[in-house]
Amino acid sequence: MDDETLNRLAVEALLEEAKLGAKRAEIMGPSGWIKPKESVNKRFLHSTLRNVVLSNKYQLKRRNERQLHKAKDALK
């Protein structure tokens, strides 16, 4: 590829990126110009998932205990 072709492709890529930024800015406001992060905060995600699983186990245990007590009370 010659320099002219590379420059044209670079200009097209920059214009396309600017158009996408403008669309994001229309929806999200000024922070839309900031490119979205490509990575995930793995530590936060891991701790969130762990806490959700523990909470769900606790809720399920409490629900089962209440149902067991209701069943015992119904038998009396």
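In case you missed it, the structure is sitting above this.
Keep in mind it's a predicted model, so treat the numbers as computed, not measured.

*Asks:* Quick one: what's the story with the overall build of the chain, residue by residue and with numbers?
*Replies:* Regarding its fold elements, the chain presents 2 helices and 0 strands. Whereas a compact globule of 76 residues would reach a radius of gyration of roughly 11 Å, the chain reaches 27 Å, over 25% beyond that. Split into buried and exposed, the 76 residues of the chain put 4% on the buried side. The average position of the 17 basic charges and that of the 10 acidic charges among the side chains of the chain differ by 25 Å.

*Asks:* Give a description of a nonpolar patch on the surface that names residues and reports values.
*Replies:* A cluster of nonpolar side chains, Met 1, Leu 6 and Leu 9, forms an exposed patch at the surface whose accessible area comes to about 320 Å². Checked against the element boundaries, Leu 9 lands in helix 1 (residues 3-28).

*Asks:* Give a detailed account of the pattern of salt bridges, specifying residues and quantitative values.
*Replies:* Taken as a whole, this structure holds 1 salt bridge when the rule is applied. When the shortest N-O distance is used, the salt bridge between Arg 8 and Glu 12 registers 3.1 Å. Residue Arg 8 and its partner Glu 12 are located together in helix 1, separated by 4 residues, close to a single helical turn. Judged by relative accessible area, Arg 8 falls into the partly exposed class, the value being 44%.

*Asks:* Lay out the environment of Leu 54 in plain terms, naming residues and giving numbers.
*Replies:* By secondary structure assignment, the location of Leu 54 is in helix 2 (residues 42-75). Its relative accessible area of 48% is what places Leu 54 among the partly exposed residues. Separated by 16 residues in sequence, Leu 54 and Lys 70 have C-alpha atoms that sit 24 Å apart.

*Asks:* Can you lay out a positive patch on the surface for me, pointing to particular residues and giving the numbers?
*Replies:* Positive charge collects at one region of the surface, where Arg 62, Arg 63, Arg 66 and Lys 70 lie side by side. Structurally, Arg 63 can be placed in helix 2.

*Asks:* Summarise the environment of Asp 2; cite the residues concerned and give the values.
*Replies:* Position of Asp 2 among the secondary structure elements: in the segment before helix 1. Under the relative-accessibility criterion, Asp 2 is labelled partly exposed at 41%.

*Asks:* Which residues make up helix 1, and what are the values?
*Replies:* Taking 1.5 Å of rise per residue, the 26 residues of helix 1 would be expected to cover 38 Å, and the 37 Å separating its terminal C-alpha atoms lies within 8% of that figure. Downstream of helix 1 by one or two residues, Gly 29 has phi in the positive range, about 90 degrees.

What counts, and where the lines are drawn
Residues numbered from 1 in each chain as written. Predicted model: local features only at pLDDT ≥ 70, side-chain atom pairs only at ≥ 80, totals over all residues. Heavy atoms only, no water. Helix = DSSP H or I, 4+ residues; strand = E, 2+ residues; numbered from the N terminus. Rg over C-alpha atoms; globule rule 2.2 N^0.38 Å. Buried < 20%, exposed > 50% of the residue type's maximum accessible area, 1.4 Å probe, protein only. Lys, Arg positive; Asp, Glu negative; His and termini not counted. Charge placed at Lys NZ, Arg CZ, Asp CG, Glu CD. Patch = residues over 30% accessible without salt bridge, like charges linked within 9 Å, V, L, I, M, F, W, Y side chains within 5 Å. Areas by Shrake-Rupley, 256 points an atom, 1.4 Å probe, with all protein chains shown as cover. Salt bridge = Lys/Arg side-chain N within 4 Å of Asp/Glu carboxyl O. Expected span 1.5 Å × (residues − 1).

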